[in-house]
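# Descriptive analysis of the structure
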Amino acid sequence: MKKIAKEALPMLYKKIAEAKELIIPVKVCGQTNYKVWTEDAEVDLDTLKTVKSAKDAFFPQSETLYTVKKEDKKLHIEPEALKNQEFVVFGMKACDVQGVAVLDKVFLVDPVDSFYAARREHGIIVSMACHEPEETCFCKAFGLDAAAPAGDVVTWMVGDELYWNPVTKKGEDLTAMVAELLTDADEKAVEAEKESIKKIVEKLPYSNLSLEGWNGSVLDEKFNSPIWETLFKPCLACGTCTFVCPTCQCYDIKDYDTGHGVQRYRCWDSCMYSDFTMMAHGNNRNSQMQRFRQRFMHKLVYFPANNDGMYSCVGCGRCVEKCPSSLNIVKVIKAFEKKEEK
């Protein structure tokens, strides 16, 4: 176990950024999101949850796949180069790290997504325990420990010091690179911090949210439930929930004429939109109820059915905070829970 004074963190950031790209929570215009570190950046490790997750680092909101150019009446395809530079994502919470584990199940199975795989190969995760989880958090319901996140390096902010613990080969290599800035630390302060976090988690309103009745074997029962017909009605189909979600992986592929060629790129999309996956004959989910149902059935039934019981919700609570109609996965789970109690 190592540690570094909070006031010395800028030196740590600079040291990392000298050799690798550093992506870290940065406050811009009052909102905190993950951005590439620069010396004038307002780093914000105190905000519990960034507006969007760190998913962008591994699965960008928009990325070019290849460019097509016409020369001498012939078309030439220039594939976009894969990520080949190591980068560090600093400050990821347990829910966001688990979000990457969910994306791994999607993009690293055959056929492997080469763009995502390259980023995972070169990405180093420095996670951070949640000093003070908030009322909208419910990661415990999905088996996560806010006090001990996964990652290549796990950190805890205790008072004016950041405690640093490498747990993988990537983490050990990064630690060696910044060793001159770190000092040996006693684990007692970290153990006390863990206990404090766990006590907070136990008091949160959604920590003991029951997932009983949700798994990969209840497809027909949940799919055909009349509850969806009432539950979906306040939904505005804005897609906010999907864009702040750490695990949503839907995307569209489009072509853009640059005037010097055509770029094919992919960008995030949402299953909540009426034109999502629309085909020549129309959309196979032609009502908002069907699209609303799809989102939550995928999180709680379809995904665990195909991934050894792993849910594709991590309990980060972003949808709880951001949905303008107060519709979220907690409300869905509780709506079915109440129905089944009758």
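Residues numbered from 1 in each chain as written. Predicted model: local features only at pLDDT ≥ 70, side-chain atom pairs only at ≥ 80, totals over all residues. Heavy atoms only, no water.

### Structural notes on the pattern of salt bridges
A side chain with one charge can pair with a side chain of the opposite charge if their charged atoms come near. Just so we agree on the cut-off: Note on definitions: salt bridges are taken to be side-chain nitrogens of Lys or Arg within 4 Å of carboxyl oxygens of Asp or Glu. Note on conventions: DSSP H or I runs of at least 4 residues are helices, E runs of at least 2 residues are strands, and numbering of each starts at the N terminus. Accessible area is worked out with a 1.4 Å probe on protein chains only. A residue is then buried under 20% of its type maximum, exposed over 50%, and partly exposed in between.
Counted under the stated rule, the structure contains 19 salt bridges. Note that Lys2 is salt-bridged to Asp184, the shortest N-O span being 2.5 Å. One end of the pair, Lys2, is in strand E1 (residues 2-5); the other, Asp184, is in strand E10 (residues 183-184), with 182 residues separating them in the sequence. With a shortest N-O distance of 3.2 Å, Glu221 and Lys222 are connected by a salt bridge. We classify Glu221 as partly exposed; its relative accessible area is 49%. Since its relative accessible area comes to 1%, Lys222 is described here as buried. Here the salt bridges do not stand alone but share partners, grouping Glu63, Asp113, Arg119 and Arg266 into one network.

### Some words on the nonpolar core
Formally: The term nonpolar core refers to a set of buried residues drawn from Ala, Val, Leu, Ile, Met, Phe, Trp, Tyr and Cys, joined through side-chain atoms within 4.5 Å. What counts as a domain boundary in this text is fixed by an automatic or database domain assignment. Residues count as neighbours in contact if any of their non-hydrogen atoms are within 4.5 Å of one another.
Trp214, Trp228, Phe292 and Ile329 are the most contacted members of the largest nonpolar core, which has 34 residues in total. At the level of elements, helix H7 (227-231), helix H9 (288-306), helix H10 (318-322) and helix H11 (329-341) are the ones that each hand at least two residues to this core. Sorting elements by how many residues they give to this core places H9 first, with 7 residues. Counting the residues that make up this core, at least three belong to each of domain 1 (2-203) and domain 2 (216-341). What Phe292 contacts, discounting residues up to four positions off in sequence, is Trp228, Leu231, Phe232, Cys235, Met272, Leu327 and Val332. Core analysis: the next-biggest nonpolar cluster, separate from the first, contains 23 residues, Leu12, Tyr13, Phe90 and Trp164 among them.

### A short note on helix H5 (residues 188-203)
This is how the line gets drawn: Multiplying 1.5 Å by the helix residue count minus one yields the expected span of that helix.
If you check H5, its first and last C-alpha atoms are 24 Å apart, about what 16 residues at 1.5 Å a residue would give, namely 22 Å. For H5, the elements touching its buried residues are strand E8 (153-158) and strand E9 (161-166).

### With respect to the side chain of Gln249
Stated precisely, the cut-off is as follows: Polar contacts, as counted here, are pairs of nitrogen or oxygen atoms within 3.5 Å of one another; within protein the pair requires one atom able to donate a hydrogen and one able to accept it, and residues that are adjacent in sequence qualify only if both atoms are side-chain atoms.
Of note, Gln249 is situated in the loop between helix H8 (240-244) and strand E11 (251-257). Within the local environment of Gln249, its side chain forms a polar contact with the backbone oxygen of Thr247, the two atoms lying 2.4 Å apart. If near-sequence neighbours (up to four positions away) are discounted, Gln249 is found in contact with Phe59, Leu103, Val106, Phe107 and His298.

### What to know about the domain arrangement of the chain
The condition is simple: Joining two parts hides part of their accessible area as seen by a 1.4 Å probe, and the buried area is that hidden amount summed over both. For this classification, Asp, Glu, Lys and Arg are treated as charged, while Ala, Val, Leu, Ile, Met, Phe, Trp, Tyr, Cys and Pro are nonpolar and the rest, including Gly, are polar.
You can read the domains of the chain as domain 1 (2-203) and domain 2 (216-341). When each unit is reduced to the centre of its C-alpha atoms, the spacing between domain 1 and domain 2 is 25 Å. Of the roughly 3,200 Å² buried between domain 1 and domain 2 on both sides combined, carbon and sulfur atoms contribute 61%. On inspection of domain 1 and its partner domain 2, the count reaches 4 salt bridges. Counting only elements with at least two residues in the side of domain 1 that touches domain 2, the list comes to strand E4 (62-71), helix H2 (94-107) and helix H3 (114-122). If you tally residues by element for the side of domain 1 that touches domain 2, the top one is H2, at 10 residues. Split into classes, the residues belonging to the side of domain 1 that touches domain 2 amount to 19 nonpolar, 9 polar and 10 charged.

### Brief notes about the state of the cysteines
Our working rule: The term disulfide is used for any two cysteine sulfur atoms that are within 2.5 Å.
Applying the stated rule across the entire model yields 0 disulfides. Of the cysteine sulfurs around Cys130, a residue in no disulfide, the closest is that of Cys95, at 6.0 Å. By relative accessible area, which is 9% here, Cys130 ends up buried. In this structure Cys139 is not part of a disulfide, and its nearest cysteine sulfur, from Cys130, lies 6.3 Å away. What makes Cys139 buried here is its relative accessible area of 10%.

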